[in-house]
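Report on the structure
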Amino acid sequence: MPVLLLMVVGAIAFWITRTASGRAVFKGTFIYFIIMFPSRRWHLPAFLAPPIIRHEPTIQMKGRTLKPDIYRVGRASKRRRPGIIIYAPLAPEGNRDPYVINFLQAMARIGFVVMVPNWPDRPVGLMDGGDIEELEVSIARLREEPDIDPNRIGVIAVSYGAGPALIVAAKRAFKDQLQYVMTIGGYVDLWTVFRFAGNGKVRIGDHEVWQLQPHPYMRYVLLQTVASWTTKKEDARVIQAFLGKIRDFAAPLYLATLRQLVSKETRDIIDALEHISDGMPLSELRRIFPASFRAKLDELSLTPAMLHAITARILIVHTTNDRLVPYSEARLLRRHLRKNQQPILSTLSGFDHTIPPPATPANFFGIYAPNALKIIPLLYTFFRMQEPER
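Predicted model, so just to flag it, every value in this text is computed and none were measured.

Concerning the overall build of the protein chain
For the protein chain, the helix and strand inventory stands at 15 helices and 12 strands. Residues classed as buried in the protein chain amount to 49% of the 390 residues present. A separation threshold of at least 6 residues defines the contact pool for the protein chain, and within that pool the share at least 24 residues apart is 74%. Element-wise, carbon and sulfur atoms account for 59% of the exposed surface of the protein chain, whose accessible area totals about 19000 Å².

Now the structure itself:
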């Protein structure tokens with residue numbers, strides 16, 4: 001019996017260490033545990049494995065100073081490694097969030113050179129075309145790392161970061177520079193996201209309509225967007241001061257007070273966001289916003305032609321009860337991708353946008369176990385893509 005057990009253990013060890021499928025299964029399972037227990041450190045002690053090194057290069061970009069973190073195990077070597085950019089520009093704590101750091105270190109531990117862009121002076125809630133260029137510059141900088149395999153570079157884009165990532169992937173200059181883009185809770189059409197924030201209705205196809213209650217944080221984000229996009233500097237200052245006093249996103253925002261403090265142009269935008277109706281045609285929705293807002297929304301939205309131009313493989317993860325970015329955006333993205341792009345849509349349930357719930361016994365059996373059959377195959381595909389070509 002002990003001999004048989006040793007043979008089984010040896011066969012499993014050989015499969016995990018010597019075969020591409022075994023490595024992919026092991027890495028996918030390992031990362032799923034990191035997702036379930038984001039605050040736990042599942043990494044090997046230092047005396048059993050080389051340390052994880054972090055360095056912070058400085059990149060100057062048209063008035064912005066970017067300071068991305070780059071993680072790898074040990075120092076740069078002659079062995080080529082896959083590179084990955086984790087792009088979540090609206091994350092409140094950004095690259096200093098302890099859960100994010102744990103995930104970055106886990107990805108480095110299993111063989112990646114991991115970059116997370118960071119703009120230290122970024123205004124909270126800012127969304128603009130500069131994010132597209134920020135990601136382009138980050139990709140170019142990651143390719144300069146001496147141990148990067150230029151044929152194995154991709155982006156995991158979280159929430160709003162999906163839009164800029166897909167826009168970059170659609171550009172001719174980046175067609176041969178990105179192997180894949182994985183979107184988590186991402187969007188395609190920013191106009192649809194704004195409409196969802198106003199009415200909570202999600203259209204799935206031509207007839208099916210879901211009704212969800214938008215997350216209270218959504219209104220906070222939209223007001224931050226108004227502050228960052230308005231041409232009235234005094235209005236931006238007033239809105240930022242107003243939002244800076246909020247401690248509970250679920251509490252009423254008392255917009256009547258804010259309306260009295262801003263100009264008519266900004267007040268009209270706030271009113272429009274509050275009263276968007278489900279049946280409002282796009283032409284009417286466009287009429288509500290000033291030209292500067294329309295330009296921003298168009299710049300950060302994707303058209304079917306742009307999606308068709310993407311040559312990188314697209315992996316899509318979205319939860320059906322997402323109350324920040326509606327699930328319909330994942331369906332829209334999947335529908336507009338061509339078959340030869342080999343897109344995969346992993347539809348999850350029980351999660352809320354991109355934040356995993358605590359791995360309590362109830363959540364383990366009610367959320368994580370059922371979703372494992374959906375997410376682990378996607379992770380398996382993802383890690384198989386990272387295997388170097390023979």
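The structure having been displayed, the exposition proceeds.
Looking at helix α2 (residues 20–36)
Counted at 1.5 Å a residue, the expected span for α2 with its 17 residues is 24 Å, and the 24 Å between its end C-alpha atoms agrees. For α2, the complete set of buried residues consists of G22, R23, A24, K27, G28, F30, I31, Y32, I34 and M36.

Here's the deal with the packing of aromatic side chains
Here the structure, examined in full by the defined rule, presents 15 aromatic pairs. Judged by centre distance (6.2 Å) and plane angle (5 degrees), the rings of F194 and W229 are stacked. Remark: W229 occurs in helix α7 (residues 216–229) and F194 occurs in helix α6 (residues 190–199); sequence separation between them is 35 residues. Accessibility assignment for this pair places F194 and W229 in one class, buried. Judged by centre distance (5.3 Å) and plane angle (75 degrees), the ring pair of W229 and F293 falls under edge-to-face. Residue W229 is located in helix α7, and its partner F293 is located in helix α12 (residues 291–299); the two are separated by 64 residues in the primary sequence.

Section: the environment of K67
Among the structural elements, K67 can be located in the loop between β3 (64–66) and β4 (69–73). Relative accessible area serves as the criterion here: at 32%, K67 is assigned to the partly exposed category. As for K67 and P117, which are separated by 50 residues in sequence, their C-alpha atoms are 6.7 Å apart. Excluding residues that lie within four positions of it along the chain, K67 makes contacts with E56, P57, T58, N95, N118 and P120.

A word on the pattern of salt bridges
Applying the stated criterion to the full structure yields 12 salt bridges. Between D69 and R54 there is a salt bridge, with its nearest N and O atoms 3.0 Å apart. One end of the pair, D69, is in strand β4; the other, R54, is in strand β1 (residues 52–55), and 15 residues separate them in sequence. Assessed through its relative accessible area of 40%, R54 is described here as partly exposed. With a shortest N-O distance of 2.6 Å, E145 and R141 are connected by a salt bridge. Since its relative accessible area comes to 6%, E145 is described here as buried. R141 sits in the buried class, given a relative accessible area of 19%. What you see here is one network of salt bridges that share partners, running through R72, R81, R141, E144, E145 and D147.

Parameters at a glance
- Residues numbered from 1 in each chain as written.
- Predicted model: local features only at pLDDT ≥ 70, side-chain atom pairs only at ≥ 80, totals over all residues.
- Heavy atoms only, no water.
- Helix = DSSP H or I, 4+ residues; strand = E, 2+ residues; numbered from the N terminus.
- Buried < 20%, exposed > 50% of the residue type's maximum accessible area, 1.4 Å probe, protein only.
- Contact = heavy atoms within 4.5 Å.
- Areas by Shrake-Rupley, 256 points an atom, 1.4 Å probe, with all protein chains shown as cover.
- Expected span 1.5 Å × (residues − 1).
- Phe/Tyr/Trp six-rings, centres within 6.5 Å; stacked < 30°, edge-to-face > 60°.
- Salt bridge = Lys/Arg side-chain N within 4 Å of Asp/Glu carboxyl O.

Everything listed is a geometric property; what it means functionally is a separate question.
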